[in-house]
Amino acid sequence: MGYGQHQSFYLRDRWLSKAIKPLKDDDRFFYDKYAFEKIGLGKNMVQSLKFWLVATGVVKEEFNENRKKVHKLTPLGELINKYDKFVLFNDTASILHYMLSKEKEPSTMWYWFFNECNESLTTKDNLLNLFSIWVDVHEDKNISEKSLKRDVDCLVRLYTAGQNTDDPEEVIQSPLNKLELLTDKKGYVYKKQPRKENIGMATLMYVLLDYRDRKEIDSISVSEITSENGLWGKVFNMSRSEIIDALSELANHPKFPLRFVRTNNLDTIHLPDIQSLEFLEFEYKRKLEALV
C-alpha cells in the first residue's frame, strides 16, 4: 500500500493539464532532471504531480522495451485530456476522487477514509490515531507516523483548500474542492453528504459500470451500492434516499437507462450494455453540445 507519496502537496488546479502535454511528447518526462524547469514547478512538486497522475488513473506507470519506467496516458486520461483537461466539470472531479478512493493502492489514506472510516465528525488528531491503528493491522512493515500524518493533512486540504478565504495560503484551490465532500472548521473535519447533482449523474453511472467490469458481475443491489466499499454510499458518502433518487433518474437516461427488478423486497439493478469509458465519452459529448 502507499503512504506519503504526494510530498505533502495536494493536487492543484491546472496541474493535470500542465503535465499531460509534455508526457505526450516524452513518456520519460518525469525522469528528465530539468522537468521542474520545463513545467514551472518545484522539484518536489513535480514528484507530487507524478503521484497524483498515477493515483487518479490519468497516467499509467509501466516499463518500455528497454526496461525503463515510462508514463503513458490511460484511456481515461485520454478522455479527460480531450474533453475536460482543466477539470471544469464536477463529473471529472468526481471521477478523479473515485479513482483515488476506490481501492487500497496507491492512495491508501483515501481508500481508508472514505470506505473504512465511519467517523463523520472528528479531528485530524483522531483521524491520525484511527488510521495508524488500521495501518498496524493491515501492514507487515512499520510505517512512520510522520508519513501517516502527512497523508491526513493532505487529504483534508485536497477537499477543503480555498474554503477559508481569510488564509492567504489557501488561495490555490484543488479541483476536488468543488465537490464539497469535506469541511474543516475550528479544528473539526466533517464528512458531508453531497447532492447527486454535485457529484454528477454521469459519474454515478460510470462508477456502477466500472464496478461491474472490475467485479465481473451482471447486476447489483441497492444495498450493495449503499454499503460496499468502492460504491456510492462509501466513496461519496451518499445517503440511501439520495441513492434511490439517483437510481430513479438514471433509469430514465435518454439512451442508456439502467433497469430495476424488484423481487422479494429486493431492488436489483441491471446496468446498460455499454463500457464505462464509452458511456463517459457519450456524456462528455452531451455536455459540450449543451454548452454550444
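Before any of the text, the structure's been laid out above.
Caption draft 1: Focus on the sheet that holds strand β7 (residues 259-263). Across the sheet, three strands lie side by side as β6-β8-β7; this open sheet has antiparallel pairing. Every other strand in the sheet has two partners, leaving β6 (219-221) and β7 as the edge strands with one partner each. Each adjacent strand pair in this sheet contributes to an overall mean axis angle of 30°, direction not counted. In the sheet, β7 pairs with strand β8 (residues 266-270) via five bridges, with the strands oriented antiparallel. Bridge pairing links Val 261 to Thr 268 in β8.

Caption draft 2: Fine view of unusual backbone geometry. With an omega dihedral of 0°, the bond running from Glu 105 to Pro 106 counts as a cis peptide bond. Locating Pro 106 in the fold gives a position in the loop between α5 (90-101) and α6 (108-116). Here Gln 7, not a glycine, exhibits a phi torsion of approximately 60°, which is positive. Along the polypeptide, Gln 7 turns up in the segment before α1 (15-25). A positive phi angle, near 50°, is found at Val 87, a position not held by glycine. Looking at Val 87, the relative accessible area reads 4%, which means it is buried.

Caption draft 3: How the structure looks around the sheet that holds strand β3 (residues 121-122). Pairing is antiparallel in the open sheet, where three strands are placed in the order β3-β5-β4. In the strand order of this sheet, the two ends are held by β3 and β4 (182-185), each with one partner. The pairing of β3 with strand β5 (residues 188-191) spans two bridges and is antiparallel. Across the sheet, Leu 121 pairs through a bridge with Tyr 190, a residue of β5.

Caption draft 4: Fine view of α5. With 12 residues, α5 should reach 16 Å at 1.5 Å per residue; the first-to-last C-alpha distance of 16 Å fits that figure. Within α5 the residues assigned to the buried category are Asp 91, Thr 92, Ala 93, Ser 94, Ile 95, Leu 96, His 97, Tyr 98, Met 99, Leu 100 and Ser 101.

Caption draft 5: Quick look at the pattern of salt bridges. Evaluation of the coordinates by the stated rule reveals 16 salt bridges. For Glu 61, the salt bridge is made with Lys 69, and the minimal N-O distance between the two is 3.6 Å. Look at Lys 69 and you get partly exposed, because its relative accessible area is 34%. When the shortest N-O distance is used, the salt bridge between Asp 153 and Lys 149 registers 3.0 Å. Here the residue Asp 153 and the residue Lys 149 both occupy positions in helix α8 (residues 145-160), the gap between them amounting to four residues, near one helical turn. Three or more residues are tied together by salt bridges with common partners; here these are Lys 102, Glu 103, Asp 210 and Arg 214.

Caption draft 6: A look at the nonpolar core. Of all hydrophobic cores here, the largest spans 89 residues; its most connected members are Trp 110, Tyr 159 and Trp 232. Ranked by residues supplied to this core, first place goes to helix α10 (residues 201-215) with nine residues. For Tyr 159, the contacting residues outside a window of four places in its chain are His 97, Leu 100, Trp 110, Phe 114, Leu 176, Asn 177, Leu 181 and Leu 182.

Caption draft 7: Quick look at the state of the cysteines. For the structure on display, the rule yields zero disulfides. No disulfide involves Cys 117; its sulfur sits 17 Å from the nearest other cysteine sulfur, which is in Cys 154. Overall, the relative accessible area of 3% leaves Cys 154 in the buried class.

Rules behind the numbers
- Residues numbered from 1 in each chain as written.
- Predicted model: local features only at pLDDT ≥ 70, side-chain atom pairs only at ≥ 80, totals over all residues.
- Heavy atoms only, no water.
- Pairing = 2+ DSSP bridges.
- Helix = DSSP H or I, 4+ residues; strand = E, 2+ residues; numbered from the N terminus.
- Axes fitted to C-alpha atoms, helices over the stretch in contact; angles between N-to-C directions.
- Buried < 20%, exposed > 50% of the residue type's maximum accessible area, 1.4 Å probe, protein only.
- Expected span 1.5 Å × (residues − 1).
- Salt bridge = Lys/Arg side-chain N within 4 Å of Asp/Glu carboxyl O.
- Core = buried A, V, L, I, M, F, W, Y, C linked by side-chain atoms within 4.5 Å.
- Contact = heavy atoms within 4.5 Å.
- Disulfide = S-S within 2.5 Å.

By themselves, these are just geometric observations and shouldn't be taken as functional.
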